[in-house]
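Observations on the model geometry
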Amino acid sequence: MIRTQILGDYEKMFQPILLLVLLIALITGLGFYSDVFLTGRNWLNILNNHMAHQLILAVGMTFVICTGGIDLAASSILALSGIIMAMLANSGMPLCLSIVFALFASLLMGTLNGLLVSSFTINPLIITLGTASLFRGLAVIITGGMPIYGLPRQFHEFAMGSFFIPIPIIMAGLILLAALIILRMTKWGLYSMVIGSNSTALTRLGVNVKLYKTSVYALSGLMAGTAMLIITSRLNTAEATAGIGMEMTAIAAVIMGGTLLSGGKGSMTGTAIACLLLAVIKNGLTLLSIDAQYQEFIIGFLLLLAVITTELKNQRN
C-alpha cells in the first residue's frame, strides 16, 4: 500500500517537475543569449503581459477538465462580459458596479454552460462550441462589430497600477493560491476530480453530481470574466474579438501541466508552470526577433507536440 502511495505521488509530480526542468533550461539558454531576458523589467513584462490573464483562465479550465469536460466558450464569455462592462461604464454607471455586473454576467454564462452540459448527454465540446458562437455572436450584434473606446481612466490604471508588484500579477497569484487549496483540500475540489473518474459512484452516494458539474462551469465563466478585467483594462478597449484563441492555449496549458483530458486527475501546480513556460517561450521568440506569423506557427507546433506527448504518457500509465 505504501509503495502504491509513493508511486501515486510520483505520478502526480512527474509532469510538473518535467515542465520545471524544461523551464529552467529555457531560462538558462535565453539568459545566455540576451542581456535583457533576466532583467526585472522583462520578467515583470512576462508575468504581467503574457501570463497573468492566461493563468486565471487556465485555473477555471483546470477544474472543468478535471470533471472530464471542456469549455470552448471561455474566450467568448471574456469578450461578451467585457462589452457589458464597457457599455455600462460608458452609460454613466459607477465603474465598480459595472465590473460587478460584468462578473455576474460571466458567472451566469458559465452557469448556462454547466446546466446544458449536466442536463444532456451531449459531449461538452459540442455544447460549449455552440454557446461560444452564441456569446461571440451576441457581442458582435450588440457592438455592430465596432470596438468600445472611452473607458474611465481609473479602469485603465487598474492594469498599469501596482503595489510594488503589478495588480494583475497579484490577482493571478491569489487566484492560483485559492485554487490550489480548493482542488486539494476541499470536498468541492475532490468531487470535481471524482466526477471525471467515476461520477456514477458519487451519484450512488447521494451526491448531486449535476449541481457540482454546473458549479465548475460557473467558476470557469467567472475566471473568464476576471481575465477580461486585465485584458480590457490594459487595452482600455472592449471588442467582440477579444480573447480569440485564448481558451485553446488554456486547454493546452492544463493538459501540459498533467491534468487528464478524460478527467479524474488534476494538477494546479502543473497548470501554473505550463502557463509560465508558454509565457517565457512567447517572450523568448520576441527577443530572438522572430516574426509574429512564425511565432504563431512555432508556438502552435510546440503546443501540439506537448499535448500529444502528455496524452500518450497518460494513456500508457
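The following refers to the structure shown. As the structure is a prediction and not an experimental result, all values here were calculated from the model.

**Re the packing of aromatic side chains**
Here the structure, examined in full by the defined rule, presents 3 aromatic pairs. Arranged with centres 5.6 Å apart and planes meeting at 65°, the rings of F37 and W43 form a pair that is edge-to-face. By relative accessible area, F37 is classed as buried at 0%. Arranged with centres 4.9 Å apart and planes meeting at 80°, the rings of Y191 and Y212 form a pair that is edge-to-face. Taken together, the residues Y191 in helix α8 (residues 187-204) and Y212 in helix α9 (residues 209-235) connect sequence positions 21 residues apart.

**Brief notes about the nonpolar core**
L55, I56, V59, L78, M85, M256 and V280 are the most contacted members of the largest nonpolar core, which totals 88 residues. Examining the composition of this core, we find that 14 residues originate from one element, helix α2 (residues 40-66), more than from any other. Leaving out residues up to four positions away in the same chain, M256 has contacts with Q15, L19, A274, L277, L278, L303, A306, V307 and T310. Counting residues in each nonpolar core, the second largest holds 6 residues, with Y191, I195, L202 and Y212 among its members.

**Here we look at helix α5 (residues 124-143)**
Along an α-helix, a turn takes 3.6 residues, which lines up residues three or four apart on a common side. The end-to-end C-alpha distance of α5 is 28 Å, a good match for the 28 Å that 20 residues give at a rise of 1.5 Å each. If you check which residues of α5 are buried, you get P124, I127, T128, T131, A132, F135, R136, A139 and T143. Buried positions in α5, seen along its axis, are confined to an arc of 155° and lie on one side of it. Away from the buried face of α5 by more than 90 degrees, exposed residues I126, S133, L134 and I141 are located. The inward-facing, buried residues of α5 abut α3 (74-90), α4 (95-119) and α9. The distance from a side-chain oxygen at the start of α5 to the backbone nitrogen of L125 is 2.8 Å, and the residue carrying that oxygen is N123. Where α5 ends, the next residue or the one after it, G144, has phi of about 70°, a positive value.

**As for a nonpolar patch on the surface**
Together, F120, I122, L125, I126 and L129 make up a nonpolar patch on the protein surface, roughly 460 Å² of accessible area in all. Its place among the elements puts L129 in helix α5.

**Quick word on unusual backbone geometry**
Of note, N236 is a non-glycine position whose phi angle comes to about 55°, a positive value. Inspection of the secondary structure assignment puts N236 in the loop between α9 and α10 (246-256). The backbone of S289 shows a phi angle near 60°, a positive value even though the residue is not glycine.

**Side note on α9**
Between its terminal C-alpha atoms α9 stretches 39 Å, which fits the 39 Å expected from 27 residues at 1.5 Å a residue. Of all 27 residues making up α9, 20 are buried, and the element is well covered by its neighbours. Directly beyond the C-terminal end of α9, a positive phi value near 55° is found at N236.

About the criteria used
- Residues numbered from 1 in each chain as written.
- Predicted model: local features only at pLDDT ≥ 70, side-chain atom pairs only at ≥ 80, totals over all residues.
- Heavy atoms only, no water.
- Phe/Tyr/Trp six-rings, centres within 6.5 Å; stacked < 30°, edge-to-face > 60°.
- Buried < 20%, exposed > 50% of the residue type's maximum accessible area, 1.4 Å probe, protein only.
- Helix = DSSP H or I, 4+ residues; strand = E, 2+ residues; numbered from the N terminus.
- Core = buried A, V, L, I, M, F, W, Y, C linked by side-chain atoms within 4.5 Å.
- Contact = heavy atoms within 4.5 Å.
- Expected span 1.5 Å × (residues − 1).
- Arc of directions from axis to C-beta.
- Polar contact = N/O pair within 3.5 Å; in protein donor to acceptor, adjacent residues only side chain to side chain.
- Patch = residues over 30% accessible without salt bridge, like charges linked within 9 Å, V, L, I, M, F, W, Y side chains within 5 Å.
- Areas by Shrake-Rupley, 256 points an atom, 1.4 Å probe, with all protein chains shown as cover.
- Salt bridge = Lys/Arg side-chain N within 4 Å of Asp/Glu carboxyl O.

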